[in-house]
Amino acid sequence: MGTIREADYQHWREHGYVIVPLLDDEQVRATVENIHEYMPPWEEYARHPRWYEESVAARSGRLRTHATFPFVGDALNETTLHPELIAFAERVIGTDRLMLSHGQLGGKYARTRDFEQQLHLDYGNNTLVCPPPDEEIVDLPAIIYYTDVTVDLSPTYVVSQKFTRDLPREPRFHTREGSQELYAHEVPVVVPAGSVLIYSMNTFHRGSALTASEGLRYAQNIGFKRVDTQWCGQVTFQHDGGSPEMNHFLEHATPRQREFVGFPRVGDAYWNKSTVANVGARYPGMDMSPYLAALT
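Residues numbered from 1 in each chain as written. Predicted model: local features only at pLDDT ≥ 70, side-chain atom pairs only at ≥ 80, totals over all residues. Heavy atoms only, no water.

The subject of this paragraph is unusual backbone geometry. Backbone torsion omega between Phe69 and Pro70 reads 0 degrees, so that peptide bond is classified as cis. With an omega dihedral of 0 degrees, the bond running from Glu170 to Pro171 counts as a cis peptide bond. In this structure, Pro171 sits in the loop between strand S6 (157–159) and strand S7 (173–174). The phi dihedral of Arg111 falls on the positive side, at around 65 degrees, and the residue is not glycine. Mapping Arg111 onto the fold places it in the loop between strand S3 (98–109) and strand S4 (119–120). Under the relative-accessibility criterion, Arg111 is labelled exposed at 59%. One non-glycine residue, Ser154, adopts positive backbone phi at about 55 degrees. (Helix = DSSP H or I, 4+ residues; strand = E, 2+ residues; numbered from the N terminus. Buried < 20%, exposed > 50% of the residue type's maximum accessible area, 1.4 Å probe, protein only.)

Attention shifts here to the packing of helix H1 (residues 6–15) against helix H6 (residues 83–93). Each pair of packed helices gets described by two things: the angle between the helix axes and the distance between those axes. H6 packs onto H1 with a crossing angle of 50 degrees between their chain directions and a minimal axis gap of 12 Å. When the axes of H1 and H6 are compared, the pair comes out oblique. The interaxial crossing formed by H1 with H6 has right-handed handedness. On H6, the residues touching Glu6, Tyr9, Gln10, Trp12 and Arg13 of H1 are Phe88, Arg91 and Val92. (Axes fitted to C-alpha atoms, helices over the stretch in contact; angles between N-to-C directions. Parallel < 35°, antiparallel > 145°, perpendicular 65-115°, else oblique. Left-handed = near helix turned anticlockwise from the far one by under 90°. Contact = heavy atoms within 4.5 Å.)

Glancing now at the packing of aromatic side chains. Taken as a whole, this structure holds 13 aromatic pairs when the rule is applied. Relative to Tyr45, the ring of Trp42 has its centre 5.4 Å away and its plane inclined at 45 degrees; by these criteria the two rings are tilted. Remark: Tyr45 and Trp42 occur in helix H3 (residues 42–47); sequence separation between them is three residues, near one turn of the helix. Using a relative accessible area of 8% as the deciding quantity, one classes Tyr45 as buried. The side chain of Arg172 reaches across the aromatic face of Tyr123, ending 5.5 Å from its centre. (Phe/Tyr/Trp six-rings, centres within 6.5 Å; stacked < 30°, edge-to-face > 60°. Lys NZ or Arg CZ within 6 Å of the ring centre and 35° of its normal.)

Below you can see the structure in the form of C-alpha coordinates.
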(Lines give C-alpha, C1' and ligand atoms only; values in the text may rest on other atoms or scores of the structure.)
Protein backbone atom coordinates (compact mmCIF):
# COMPACT_ATOMS: atom_id res chain seq x y z
CA MET A 1 0.00 0.00 0.00
CA GLY A 2 2.90 2.38 -0.72
CA THR A 3 3.84 4.44 2.35
CA ILE A 4 1.33 2.53 4.49
CA ARG A 5 3.15 -0.73 5.15
CA GLU A 6 2.11 -4.14 6.43
CA ALA A 7 3.69 -3.24 9.78
CA ASP A 8 1.43 -0.18 9.97
CA TYR A 9 -1.64 -2.34 9.43
CA GLN A 10 -0.51 -4.69 12.18
CA HIS A 11 0.15 -1.72 14.49
CA TRP A 12 -3.41 -0.52 13.92
CA ARG A 13 -4.73 -3.99 14.73
CA GLU A 14 -2.72 -4.16 17.96
CA HIS A 15 -3.13 -0.61 19.24
CA GLY A 16 -6.27 0.74 17.56
CA TYR A 17 -4.32 3.49 15.84
CA VAL A 18 -1.34 4.08 13.58
CA ILE A 19 0.57 7.22 12.53
CA VAL A 20 2.05 7.22 9.02
CA PRO A 21 3.42 9.67 6.43
CA LEU A 22 0.85 10.27 3.70
CA LEU A 23 1.69 13.38 1.65
CA ASP A 24 4.92 14.58 0.08
CA ASP A 25 6.15 18.17 0.30
CA GLU A 26 4.47 19.25 -2.94
CA GLN A 27 1.13 17.77 -1.90
CA VAL A 28 1.36 19.56 1.46
CA ARG A 29 2.14 22.85 -0.29
CA ALA A 30 -0.83 22.46 -2.64
CA THR A 31 -3.28 21.56 0.13
CA VAL A 32 -2.16 24.46 2.34
CA GLU A 33 -2.65 26.79 -0.62
CA ASN A 34 -6.21 25.44 -0.89
CA ILE A 35 -6.76 25.89 2.85
CA HIS A 36 -5.96 29.59 2.51
CA GLU A 37 -9.13 29.90 0.44
CA TYR A 38 -10.97 29.26 3.73
CA MET A 39 -8.76 30.51 6.57
CA PRO A 40 -5.81 32.88 6.84
CA PRO A 41 -2.15 31.96 7.18
CA TRP A 42 -0.59 32.86 10.53
CA GLU A 43 1.16 35.97 9.21
CA GLU A 44 -2.10 37.47 7.94
CA TYR A 45 -3.96 36.64 11.14
CA ALA A 46 -1.16 38.09 13.29
CA ARG A 47 -1.22 41.36 11.33
CA HIS A 48 -5.00 41.74 11.54
CA PRO A 49 -6.26 39.74 14.54
CA ARG A 50 -9.36 41.90 14.93
CA TRP A 51 -10.46 41.04 11.41
CA TYR A 52 -10.71 37.40 12.44
CA GLU A 53 -11.38 37.75 16.17
CA GLU A 54 -14.90 36.35 16.20
CA SER A 55 -14.48 33.64 13.57
CA VAL A 56 -11.09 32.33 14.76
CA ALA A 57 -11.67 32.48 18.50
CA ALA A 58 -15.36 31.54 18.75
CA ARG A 59 -16.14 27.88 19.38
CA SER A 60 -19.03 28.08 16.90
CA GLY A 61 -17.04 30.07 14.35
CA ARG A 62 -17.44 28.81 10.77
CA LEU A 63 -16.21 31.65 8.57
CA ARG A 64 -12.47 31.08 8.81
CA THR A 65 -11.82 28.02 10.95
CA HIS A 66 -14.04 25.31 9.50
CA ALA A 67 -14.85 23.93 6.05
CA THR A 68 -16.25 20.64 4.80
CA PHE A 69 -15.65 18.43 1.78
CA PRO A 70 -15.93 19.01 -1.18
CA PHE A 71 -13.56 21.96 -1.46
CA VAL A 72 -12.86 24.66 -4.01
CA GLY A 73 -9.42 23.23 -4.76
CA ASP A 74 -8.51 19.88 -6.26
CA ALA A 75 -5.58 19.28 -3.88
CA LEU A 76 -7.78 19.04 -0.77
CA ASN A 77 -10.30 16.87 -2.58
CA GLU A 78 -7.52 14.51 -3.65
CA THR A 79 -6.05 14.19 -0.16
CA THR A 80 -9.50 13.58 1.36
CA LEU A 81 -9.88 10.60 -0.96
CA HIS A 82 -6.23 9.60 -0.93
CA PRO A 83 -5.84 6.16 -2.55
CA GLU A 84 -3.67 4.88 0.32
CA LEU A 85 -6.35 5.78 2.87
CA ILE A 86 -9.00 4.14 0.72
CA ALA A 87 -6.89 0.99 0.37
CA PHE A 88 -6.33 0.86 4.13
CA ALA A 89 -10.06 1.34 4.81
CA GLU A 90 -10.97 -1.37 2.31
CA ARG A 91 -8.63 -3.81 4.01
CA VAL A 92 -9.73 -2.97 7.56
CA ILE A 93 -13.46 -2.84 6.84
CA GLY A 94 -13.30 -5.77 4.42
CA THR A 95 -15.17 -4.36 1.42
CA ASP A 96 -14.77 -1.88 -1.42
CA ARG A 97 -18.37 -0.67 -0.98
CA LEU A 98 -17.44 2.41 1.02
CA MET A 99 -18.56 6.01 1.42
CA LEU A 100 -16.97 9.10 2.89
CA SER A 101 -18.67 9.59 6.27
CA HIS A 102 -17.19 13.06 6.91
CA GLY A 103 -14.44 15.37 5.70
CA GLN A 104 -14.09 18.35 8.04
CA LEU A 105 -11.20 20.79 7.77
CA GLY A 106 -10.27 22.93 10.78
CA GLY A 107 -7.72 25.52 11.83
CA LYS A 108 -6.47 26.30 15.34
CA TYR A 109 -4.71 29.60 16.04
CA ALA A 110 -2.41 30.58 18.91
CA ARG A 111 -3.73 32.96 21.59
CA THR A 112 -7.38 32.40 20.60
CA ARG A 113 -9.18 29.85 22.78
CA ASP A 114 -8.69 26.72 24.87
CA PHE A 115 -8.53 23.58 22.71
CA GLU A 116 -8.03 21.19 25.64
CA GLN A 117 -10.34 18.14 25.63
CA GLN A 118 -11.00 15.12 27.81
CA LEU A 119 -10.06 11.67 26.59
CA HIS A 120 -13.05 10.38 24.69
CA LEU A 121 -14.40 8.08 21.98
CA ASP A 122 -15.65 9.63 18.73
CA TYR A 123 -18.75 7.56 18.10
CA GLY A 124 -21.06 9.91 20.02
CA ASN A 125 -21.69 12.13 16.99
CA ASN A 126 -21.18 9.40 14.39
CA THR A 127 -23.92 6.95 15.34
CA LEU A 128 -27.00 6.68 17.56
CA VAL A 129 -25.85 3.26 18.78
CA CYS A 130 -22.38 1.99 19.81
CA PRO A 131 -19.53 0.85 17.57
CA PRO A 132 -18.94 -2.87 17.09
CA PRO A 133 -15.52 -4.31 18.02
CA ASP A 134 -12.69 -3.47 15.65
CA GLU A 135 -12.78 -7.03 14.30
CA GLU A 136 -16.18 -6.05 12.84
CA ILE A 137 -15.39 -2.40 12.10
CA VAL A 138 -17.70 -0.52 9.73
CA ASP A 139 -16.58 3.12 10.24
CA LEU A 140 -12.88 4.13 10.11
CA PRO A 141 -11.82 7.66 11.23
CA ALA A 142 -8.56 9.47 10.53
CA ILE A 143 -6.95 12.90 10.99
CA ILE A 144 -4.65 14.37 8.33
CA TYR A 145 -2.22 17.04 9.56
CA TYR A 146 -1.36 19.70 6.96
CA THR A 147 1.09 21.60 9.19
CA ASP A 148 3.88 20.43 11.49
CA VAL A 149 2.50 19.45 14.89
CA THR A 150 4.78 20.10 17.86
CA VAL A 151 3.93 19.48 21.50
CA ASP A 152 2.84 23.14 21.89
CA LEU A 153 0.70 23.23 18.71
CA SER A 154 -2.30 21.26 19.98
CA PRO A 155 -1.25 17.67 19.24
CA THR A 156 -3.84 14.93 19.39
CA TYR A 157 -3.23 12.57 22.30
CA VAL A 158 -4.06 8.90 21.79
CA VAL A 159 -4.18 5.82 24.04
CA SER A 160 -3.29 2.35 22.81
CA GLN A 161 -6.15 -0.14 22.98
CA LYS A 162 -3.74 -2.47 24.77
CA PHE A 163 -4.79 -0.51 27.87
CA THR A 164 -8.46 0.12 27.02
CA ARG A 165 -9.80 -2.84 25.04
CA ASP A 166 -11.76 -4.21 27.99
CA LEU A 167 -13.18 -0.87 29.09
CA PRO A 168 -16.93 -0.31 28.58
CA ARG A 169 -17.93 2.03 25.76
CA GLU A 170 -19.81 4.23 28.21
CA PRO A 171 -18.97 6.71 29.56
CA ARG A 172 -17.40 8.08 26.40
CA PHE A 173 -15.61 10.93 28.23
CA HIS A 174 -13.04 10.50 31.01
CA THR A 175 -11.68 13.30 33.20
CA ARG A 176 -8.03 13.44 34.20
CA GLU A 177 -9.02 13.39 37.87
CA GLY A 178 -11.23 10.33 37.52
CA SER A 179 -9.05 8.34 35.09
CA GLN A 180 -5.43 9.05 35.98
CA GLU A 181 -4.24 5.63 34.80
CA LEU A 182 -5.84 6.18 31.39
CA TYR A 183 -4.07 9.53 31.02
CA ALA A 184 -0.78 7.94 32.08
CA HIS A 185 -0.84 5.88 28.87
CA GLU A 186 -1.63 8.70 26.41
CA VAL A 187 0.98 9.75 23.82
CA PRO A 188 1.04 12.96 21.73
CA VAL A 189 0.82 12.79 17.95
CA VAL A 190 3.83 15.02 17.22
CA VAL A 191 4.36 14.75 13.46
CA PRO A 192 5.57 16.60 10.36
CA ALA A 193 3.07 18.05 7.93
CA GLY A 194 1.57 15.44 5.64
CA SER A 195 1.14 12.78 8.33
CA VAL A 196 -2.09 10.97 9.15
CA LEU A 197 -3.44 9.40 12.31
CA ILE A 198 -5.71 6.45 11.50
CA TYR A 199 -7.62 5.27 14.54
CA SER A 200 -10.94 3.69 15.56
CA MET A 201 -14.28 4.62 17.08
CA ASN A 202 -13.07 2.41 19.96
CA THR A 203 -9.82 4.36 20.49
CA PHE A 204 -9.56 6.93 23.29
CA HIS A 205 -7.99 10.21 22.21
CA ARG A 206 -8.31 13.95 22.77
CA GLY A 207 -7.36 17.36 21.46
CA SER A 208 -4.91 19.36 23.58
CA ALA A 209 -4.19 23.00 24.34
CA LEU A 210 -2.35 25.15 21.84
CA THR A 211 0.23 26.70 24.16
CA ALA A 212 2.56 28.28 21.59
CA SER A 213 2.59 32.08 21.55
CA GLU A 214 2.36 32.08 17.76
CA GLY A 215 1.50 29.66 14.97
CA LEU A 216 -1.39 27.49 13.94
CA ARG A 217 -2.44 23.95 13.16
CA TYR A 218 -4.38 22.86 10.07
CA ALA A 219 -5.91 19.39 10.18
CA GLN A 220 -8.77 17.47 8.63
CA ASN A 221 -10.99 14.84 10.23
CA ILE A 222 -12.18 12.26 7.73
CA GLY A 223 -13.89 8.90 7.88
CA PHE A 224 -14.92 6.00 5.66
CA LYS A 225 -17.93 3.76 6.26
CA ARG A 226 -19.67 0.78 4.69
CA VAL A 227 -22.46 1.87 2.36
CA ASP A 228 -24.97 -0.52 3.96
CA THR A 229 -24.70 1.00 7.45
CA GLN A 230 -27.44 3.62 7.62
CA TRP A 231 -26.95 3.73 11.40
CA CYS A 232 -23.50 5.34 11.31
CA GLY A 233 -21.76 8.26 9.64
CA GLN A 234 -21.95 12.00 10.21
CA VAL A 235 -23.17 13.37 6.91
CA THR A 236 -24.80 12.70 3.56
CA PHE A 237 -23.49 14.65 0.61
CA GLN A 238 -26.75 14.68 -1.33
CA HIS A 239 -27.62 18.12 0.08
CA ASP A 240 -24.48 19.52 -1.60
CA GLY A 241 -25.98 18.82 -5.02
CA GLY A 242 -25.89 21.95 -7.16
CA SER A 243 -23.11 23.66 -5.22
CA PRO A 244 -20.13 24.84 -7.31
CA GLU A 245 -17.80 22.76 -5.11
CA MET A 246 -19.75 19.53 -5.61
CA ASN A 247 -20.24 20.12 -9.34
CA HIS A 248 -16.50 20.72 -9.72
CA PHE A 249 -15.63 17.62 -7.71
CA LEU A 250 -17.99 15.33 -9.63
CA GLU A 251 -16.84 16.55 -13.03
CA HIS A 252 -13.16 16.07 -12.17
CA ALA A 253 -13.38 12.92 -10.03
CA THR A 254 -12.91 9.35 -11.20
CA PRO A 255 -15.96 7.05 -11.16
CA ARG A 256 -14.46 5.37 -8.08
CA GLN A 257 -14.05 8.68 -6.24
CA ARG A 258 -17.66 9.64 -6.99
CA GLU A 259 -18.87 6.57 -5.13
CA PHE A 260 -17.60 8.06 -1.86
CA VAL A 261 -20.23 10.81 -1.95
CA GLY A 262 -23.10 8.45 -2.78
CA PHE A 263 -22.90 8.55 -6.59
CA PRO A 264 -24.02 5.26 -8.21
CA ARG A 265 -21.06 3.13 -9.23
CA VAL A 266 -20.45 2.00 -12.79
CA GLY A 267 -22.77 -0.94 -13.49
CA ASP A 268 -25.31 -0.02 -10.80
CA ALA A 269 -28.95 -0.79 -11.60
CA TYR A 270 -29.62 2.96 -11.58
CA TRP A 271 -27.91 3.40 -14.91
CA ASN A 272 -29.73 3.12 -18.24
CA LYS A 273 -29.56 5.14 -21.45
CA SER A 274 -31.95 7.73 -20.06
CA THR A 275 -30.19 8.30 -16.73
CA VAL A 276 -26.78 8.42 -18.43
CA ALA A 277 -28.07 11.11 -20.78
CA ASN A 278 -29.73 13.13 -18.03
CA VAL A 279 -26.77 13.01 -15.65
CA GLY A 280 -24.46 13.93 -18.52
CA ALA A 281 -26.62 16.97 -19.21
CA ARG A 282 -26.53 17.95 -15.52
CA TYR A 283 -22.73 17.70 -15.43
CA PRO A 284 -21.45 18.75 -18.87
CA GLY A 285 -17.82 18.24 -17.86
CA MET A 286 -18.32 14.64 -16.71
CA ASP A 287 -17.08 11.76 -18.85
CA MET A 288 -20.12 9.48 -19.04
CA SER A 289 -18.47 6.84 -21.22
CA PRO A 290 -17.70 4.39 -18.33
CA TYR A 291 -21.39 4.38 -17.31
CA LEU A 292 -22.58 4.03 -20.91
CA ALA A 293 -20.09 1.27 -21.72
CA ALA A 294 -21.26 -0.78 -18.73
CA LEU A 295 -24.78 -0.93 -20.19
CA THR A 296 -23.56 -3.22 -22.95
